[in-house]
Amino acid sequence: MSEQNEVELLPGREECPGNLTWSAFGATYPDTVCASVLTWADGYQGIGLCDADDDFRERDVPCPFCSPEAFIEYEWGEPQDYLLLWASDESSADGVEIHFHDGQALWWTATHPERGEERVLIRRGFWEDGTFWTSEENRDG
Ligand SMILES: [Zn+2]
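Residues numbered from 1 in each chain as written. Predicted model: local features only at pLDDT ≥ 70, side-chain atom pairs only at ≥ 80, totals over all residues.

When you go through the protein residue by residue, the secondary structure sums to two helices and nine strands. When the helices and strands of the protein are read in sequence order from the N terminus, they spell out β-β-β-β-α-β-β-β-β-β-α. Long-range contacts, defined as pairs at least 24 residues apart, comprise 42% of the intrachain contacts of the protein with a sequence gap of at least 6. (Helix = DSSP H or I, 4+ residues; strand = E, 2+ residues; numbered from the N terminus. Contact = placed C-beta atoms within 7 Å.)

Dropping the structure here:
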């Protein structure tokens, strides 16, 4: 744990890799390409993630690197639909900027004011009788 404020040295937000290792379309191999690195013959510029297995067709999936807010809304809904928690202690990470990272699975962090870059949990949930409960906790119940 760092005592200093080293936010500027932390990885933070990543540049869009263009050709993603993570698959948005369920393949076990890289099949996902951001439209930002593709060019179309007629000058058309696509948006979001494209499926390399389907002639680089757009799939209406926002790129988590180019449009993180839109991707979060696509995956988890409006801010009132999910909880942001610091992974280390599950305290609220409300209002933080999520930084996505490419890999076999997409993962994400945010910059904690004291602890620096740290994984964040995004839990979808629902208000019911004033109690916030998560879909994970209730999946089997
Ligand atoms: Zn992108």
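In this section: the confidence of the model for the protein. For the protein, per-residue confidence averages 85 on the pLDDT scale, and residues scoring 70 or more make up 81% of the total. Confidence, read as mean pLDDT per element, is least for helix 2 (residues 135–138) in the protein (49) and greatest for strand 2 (residues 32–34) (98). In the model, residues 1–10 has pLDDT below 50 throughout and makes eight contacts with residues more than four positions away in sequence or in other chains. (pLDDT = per-residue confidence, 0-100.)

With that settled, the discussion passes to unusual backbone geometry. Backbone geometry places Asp 55, a non-glycine residue, at a positive phi of 60 degrees. Here Asp 55 lies in the loop between strand 3 (49–51) and strand 4 (57–61). A tally of 7 C-beta atoms within 10 Å means that Asp 55 is categorised as exposed. With a phi close to 55 degrees, Phe 56 is a non-glycine residue in the positive phi region. Looking at the secondary structure, you find Phe 56 in the loop between strand 3 and strand 4. A tally of 15 C-beta atoms within 10 Å means that Phe 56 is categorised as partly exposed. (Buried ≥ 20, exposed ≤ 12 C-beta atoms within 10 Å, placed from the backbone.)

The next thing to look at is the sheet that holds strand 3. Neighbouring strands of a sheet are bound in pairs by backbone hydrogen bonds; such pairs are parallel or else antiparallel. One open sheet holds the four strands; their spatial order is 1-2-3-4, and the pairing between them is antiparallel. In the strand order of this sheet, the two ends are held by strand 1 (19–20) and strand 4, each with one partner. Both strand 3 and strand 4 contribute to a ladder of three bridges, which runs antiparallel. Across the sheet, Leu 49 pairs through a bridge with Val 61, a residue of strand 4. (Pairing = 2+ DSSP bridges.)

Quick look at the nonpolar core now. One finds Leu 20, Ala 24, Val 33, Cys 34, Ala 35, Leu 49, Cys 50, Cys 63, Phe 65, Phe 71, Ile 72 and Phe 100 forming the largest nonpolar core, which totals 12 residues. Sequence-distant contacts of Cys 50, that is, excluding residues within four places in its chain, are made with Val 33, Ala 35, Leu 38, Phe 56, Arg 57, Glu 58 and Arg 59. (Core = buried A, V, L, I, M, F, W, Y, C linked by C-beta atoms within 7 Å.)

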